[in-house]
Amino acid sequence: MKAGQNGRTSAFMALLFAAGALALFASSLSAQAEARDKWCKGVHLRFFVGGAEGDSFGTIVYNGAKQAERDLGPTVDYIFSGWDVERMTQQLREAIAVKPDGIAMMGHPGDAALMPLAEEAAAGAIKMMYQNVPVPKVMAKFGGGYVGPQVAQLGRALGAEVVKRAGLKPGDVALMQGPFENENRGARERGTVAAMEEAGVKVIKINSQPGWAADPNLALPIITAALARYPEVKAVGYGGGQMLGNVPAFMQAAGKKPGEIFNFGVDTSPQVVEGFKGGWVQLAADQQPFMQGYLPILGLCQQIVYRFTPISLDTGAGFVTPDNYKDIAKLATEGVR
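Now for a description of the structure that goes with this document. (Residues numbered from 1 in each chain as written. Predicted model: local features only at pLDDT ≥ 70, side-chain atom pairs only at ≥ 80, totals over all residues. Heavy atoms only, no water.)

The subject of this paragraph is a nonpolar patch on the surface. Residues V305, Y306 and F308 make up a contiguous nonpolar surface patch of about 260 Å² in total accessible area. Within the fold, V305 resides in helix α12 (residues 289-306). For V305, a relative accessible area of 31% puts it in the partly exposed group. (Patch = residues over 30% accessible without salt bridge, like charges linked within 9 Å, V, L, I, M, F, W, Y side chains within 5 Å. Areas by Shrake-Rupley, 256 points an atom, 1.4 Å probe, with all protein chains shown as cover. Salt bridge = Lys/Arg side-chain N within 4 Å of Asp/Glu carboxyl O. Helix = DSSP H or I, 4+ residues; strand = E, 2+ residues; numbered from the N terminus. Buried < 20%, exposed > 50% of the residue type's maximum accessible area, 1.4 Å probe, protein only.)

Moving on: the nonpolar core. Counting 45 residues, the largest nonpolar core has F47, L92, I103, M105, Y130 and I297 as its most contacted members. Excluding its chain neighbours within four sequence positions, the residues that come into contact with F47 are V61, A65, V76, D77, Y78, I79, A104, Q131, Q292, G293, P296 and I297. By size, the runner-up hydrophobic cluster in this structure holds 30 residues, among which are I206, M251, V273 and Y325. (Core = buried A, V, L, I, M, F, W, Y, C linked by side-chain atoms within 4.5 Å. Contact = heavy atoms within 4.5 Å.)

What follows covers the side chain of E69. Looking at the secondary structure, you find E69 in helix α2 (residues 56-72). In this structure E69 comes out as buried when scored by relative accessible area, which is 17%. With near-sequence residues (within four places) excluded, E69 lies in contact with P74, V76, Y78 and I297.

Of note, Q288 is a non-glycine position whose phi angle comes to about 50°, a positive value. Following the sequence through the fold, Q288 ends up in the loop between β10 (283-286) and α12. With a phi close to 60°, R307 is a non-glycine residue in the positive phi region. Within the element layout of this structure, R307 appears in the loop between α12 and β11 (312-314).

Scanning the entire structure with this criterion turns up 9 aromatic pairs. Ring centres of F276 and Y325 lie 5.6 Å apart, and the angle between their planes is 10°; this geometry places the pair in the stacked category. Of this pair, F276 sits in helix α11 (residues 270-277) while Y325 sits in the loop between β12 (318-320) and α13 (326-333), and the two are 49 residues apart along the sequence. Take Y325: its relative accessible area is 9%, and that puts it in the buried class. Among the aromatic side chains, those forming a connected cluster through ring pairs are F47, Y62, Y78 and F80. K205 extends its terminal NZ or CZ atom over the ring of F180, reaching a point 5.5 Å from the ring centre. (Phe/Tyr/Trp six-rings, centres within 6.5 Å; stacked < 30°, edge-to-face > 60°. Lys NZ or Arg CZ within 6 Å of the ring centre and 35° of its normal.)

In this model, helix α7 (residues 187-198) (12 residues) spans 16 Å end to end at C-alpha, consistent with the 16 Å of a helix rising 1.5 Å per residue. Where α7 is buried, its residues meet α6 (151-166), β6 (173-178), β7 (202-207) and β9 (262-266). Looking one or two residues beyond α7, the residue adopting positive phi is G200, at roughly 90°. (Expected span 1.5 Å × (residues − 1).)

Keep in mind these values describe shape, not function.
Take a look at the structure:
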């Protein structure tokens, strides 16, 4: 063999070797990519939806969690509580006893009620995420992440927006419904009231009653009686999307026409979108419940599989108004917004 041929043969063999190595490297990358698909498979989680099955807000949270389950692959048990904080607390106690890898818990029971259970979960190496209502004292002591609005800040922002959009003046009267006595959850409505009162508005508070979130029609006699007693009311606020979605029923029962009273609250849903469409609802603070379902599952999987630090994200996104509700109307009917 001539010297030139020998050199060309060696170069050709080197190219073959390099091509083979590159193919092997590409194959290895492909295998790694396949391994990352459903990368949370084998992890057992419990997820608190908050409301009852079919609840307008809880359904969007559930849809987000189910999407995360499909994307990531964990086994998830879904817990429905009907927004009953005592029931949530008992269900968390039962969830810890099952010893899952992680729990995504609604923060509605508050720091005091959840503190001993968070301690028990930490002792059992159960990772925690919280959603919808923050529990800063629990997280400061036992860790975990939070996905949801900073409720006190969101409440104050909503109150200021109501004053501006409704054109409320000092001495005007408003009604505000909500769980004012709940330590953590009620901070949102207390913030809304504070912002309106700072603008000189007189606010009459209506405390939420058990079962209203599950069946807003139970509040009909209370809302209508308050409007009859205070006919000068210019704005009415509601402490949740279920109540806000029932505004047409409240107003019609009180003999009011669309737009006669400025109705506002939190969350969107197909019912709330219809309220905007009919002129019954004028303002909603958006807290993106789909993210409150998806991201706690993601956060738990990242903690358990990759040992990442917990996710914390403020999902308070802004306001839905008669001017922009059409942008999310289709997503609302699909159970995403």
